[in-house]
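Observations on the three-dimensional arrangement
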Amino acid sequence: IRASGTVNSFELVDENYEGNLVTVTIRADIFPQSKQCFSSDYRKSLLITRSNLMHREQASIGKIYALDNKLMAKLAYKINNQGIYLDTRLLLKEKSQFSRLNNSLQVEAIKNLTMSLANISDTQYVMYSEINDISFAQASTNGWQFWQEDVFNRQFSVSLYIYNGTNGESVFTKQYRSSAPWEFGKRQQVDVHSEVFWQSQYGMAIEKVLGDMIIDIDENMMCQPTRGKVVQIAGNSLTINLGKWHGVKGGDEFSLLHLNNIMTDSGKITQVSQQSAQAMTTDGQLLGNIQLNDLAVRY
């Protein structure tokens, strides 16, 4: 396969054999050359928080209250296995205050929440989500088969929000919608952790939405700056919390920033471990006023 950009995903749609001729149809998501950037060489760390069921009463049919937890766990698994530019961590035990703050338009409070969560989890970006709608359509899909229990379409709508953990600013927001027949009984309790649910038409519709999310997230995050914190300083040498796992290699160059985003020295990577790397200033000068928790950035 030859491409003039970066192939993000690749799918075989159809293949046909006629004699000695094989014809294939493919679908590829290719980023053009103009969208490539140095920071796409590195994985960004992303904290995924528990989703929020905006209308919890809608989950009563099927008792699928655990969807807020399972949905994000499944998204994180898919990002780590199918995505290219992100390394995820999960915070699913408790819901954050994001939805309450977002509903009341408390922008500064959301920034503070994001920076706090990023600092605690040692991540560069934080994702929030809201499950907006899992209600039922009014018309059944059974038509004339009146002797069977009616099968209704069930909606699925979710909103994603990704924020920069350094300054709390929004970097990506999008809403996704889908619907599919709900094949379970009205009083049947459905386990959202089971393959029975995820192999149903409704479960597969959600899987399709998750796939769309991964493509959008990768495309929008690939050129976001890779930011590592300065965790140790000694003379003209320092250690940052990015390493081999994030794609850092010996010889890579980063810019050093104070937290107020004023550019200072440049540094070159001299030693790399899995989760951290050691750097020195390129001119051999002392680091001057660089402090712990300042940033090493790759644009």
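Residues numbered from 1 in each chain as written. Predicted model: local features only at pLDDT ≥ 70, side-chain atom pairs only at ≥ 80, totals over all residues. Heavy atoms only, no water.

Mapped onto the secondary structure, Ser-45 falls in strand E3 (residues 44-49). For Ser-45, the side chain forms a polar contact with the main-chain nitrogen of Gln-124, separated by 2.9 Å. Not counting the four nearest positions on each side in its chain, Ser-45 is found in contact with Asp-87, Asp-122, Thr-123, Gln-124 and Tyr-125. (Helix = DSSP H or I, 4+ residues; strand = E, 2+ residues; numbered from the N terminus. Polar contact = N/O pair within 3.5 Å; in protein donor to acceptor, adjacent residues only side chain to side chain. Contact = heavy atoms within 4.5 Å.)

Of all hydrophobic cores here, the largest spans 39 residues; its most connected members are Met-127, Ile-134, Phe-156, Phe-197, Met-213 and Ile-217. Of all the secondary structure elements, the ones that give two or more residues to this core are E3, helix H1 (67-82), strand E6 (125-133), strand E8 (152-164), strand E9 (170-181), helix H4 (195-198) and helix H5 (201-221). Counting residues per element, this core draws most heavily on H5, which supplies nine residues. Discounting residues that sit within four places of it in the chain, Met-127 has contacts with Leu-46, Leu-47, Ile-48, Thr-49, Met-72, Leu-75, Leu-160, Tyr-161, Ile-162 and Ile-217. (Core = buried A, V, L, I, M, F, W, Y, C linked by side-chain atoms within 4.5 Å. Buried < 20%, exposed > 50% of the residue type's maximum accessible area, 1.4 Å probe, protein only.)

Time to look at H1. If you check H1, its first and last C-alpha atoms are 21 Å apart, about what 16 residues at 1.5 Å a residue would give, namely 22 Å. Along H1, the residues that are buried comprise Leu-67, Asp-68, Lys-70, Leu-71, Met-72, Lys-74, Leu-75, Ala-76, Lys-78 and Ile-79. (Expected span 1.5 Å × (residues − 1).)

Quick look at H5 now. Between its first and last C-alpha, H5 extends 30 Å over 21 residues, near the 30 Å set by a 1.5 Å rise per residue. Inspection of H5 places Tyr-202, Gly-203, Ala-205, Ile-206, Val-209, Leu-210, Met-213, Ile-214, Asp-216, Ile-217, Asp-218 and Met-221 among the buried residues, and these make up the whole buried set.

A separate point is unusual backbone geometry. Phi angles above zero are rare outside glycine, and Leu-105 is one such case at about 60°. Along the chain, the position of Leu-105 falls in the loop between helix H2 (98-103) and helix H3 (107-121). For Asp-122, which is not a glycine, the phi torsion comes out positive at approximately 55°. Among the secondary structure elements, Asp-122 is positioned in the loop between H3 and E6. A relative accessible area of 36% places Asp-122 in the partly exposed class.

This part takes up the packing of aromatic side chains. One pass over the structure, following the stated rule, counts ten aromatic pairs. Taking 5.7 Å as the distance between ring centres and 65° as the angle between the ring planes, the aromatic pair formed by Tyr-128 and Tyr-163 counts as edge-to-face. Taken together, the residues span a long stretch of sequence, with Tyr-128 in strand E6 and Tyr-163 in strand E8 at a distance of 35 residues. Judged by relative accessible area, Tyr-128 falls into the buried class, the value being 1%. The exposure class assigned to Tyr-163 is buried, which follows from its relative accessible area of 9%. Of the aromatic side chains, those joined through ring pairs into one cluster are Phe-136, Trp-182, Phe-184, Phe-197, Trp-198 and Tyr-202. For the cation-ring pair, Lys-74 lies above Trp-198, with the distance from its terminal atom to the ring centre recorded as 4.6 Å. The positively charged end of Arg-154 is found above the aromatic ring belonging to Trp-182, 4.5 Å away from the centroid. (Phe/Tyr/Trp six-rings, centres within 6.5 Å; stacked < 30°, edge-to-face > 60°. Lys NZ or Arg CZ within 6 Å of the ring centre and 35° of its normal.)

This part covers the pairing of E9. Where E8 meets E9, eleven bridges bridge the pair, whose relative direction is antiparallel. Within E9, the residue paired with Ile-162 across the bridge is Phe-172. The turn joining E8 and E9, which pair antiparallel and follow one another in sequence, is formed by five residues; a positive phi near 75° is taken by Gly-168. (Pairing = 2+ DSSP bridges.)

Attention now goes to the confidence of the model for the chain. Overall, the prediction assigns the chain a mean pLDDT of 81, with 76% of residues at 70 or greater. Element-level pLDDT for the chain is lowest in strand E13 (residues 263-272), with a mean of 55, against a maximum mean of 96 in E6. The low-confidence segment residues 143-148, where pLDDT is below 50, has one contact with residues more than four positions distant or belonging to other chains. (pLDDT = per-residue confidence, 0-100.)

This part is about the packing of H1 against H5. Two numbers describe how H1 lies on H5: the axes approach to 10 Å, and their chain directions differ by 50°. In terms of orientation, H1 lies oblique with respect to H5. Helix-helix and strand crossings are classified by hand; for H1 and H5 the assignment is right-handed. Contacts between H1 and H5 involve Leu-71, Lys-74, Leu-75, Lys-78, Ile-79 and Gln-82 from the first element and Ile-206, Glu-207, Leu-210, Met-213, Ile-214 and Ile-217 from the second. Of the residues that constitute the contact of H1 with H5, the class distribution is eight nonpolar, one polar and three charged. (Axes fitted to C-alpha atoms, helices over the stretch in contact; angles between N-to-C directions. Parallel < 35°, antiparallel > 145°, perpendicular 65-115°, else oblique. Left-handed = near helix turned anticlockwise from the far one by under 90°. Nonpolar A, V, L, I, M, F, W, Y, C, P; charged D, E, K, R; others polar.)

Mapped onto the fold, Ile-30 is located in strand E2 (residues 21-31). Assessed through its relative accessible area of 41%, Ile-30 is described here as partly exposed. Distance in space between the C-alpha atoms of Ile-30 and Glu-219 is 9.7 Å, their sequence separation being 189 residues.

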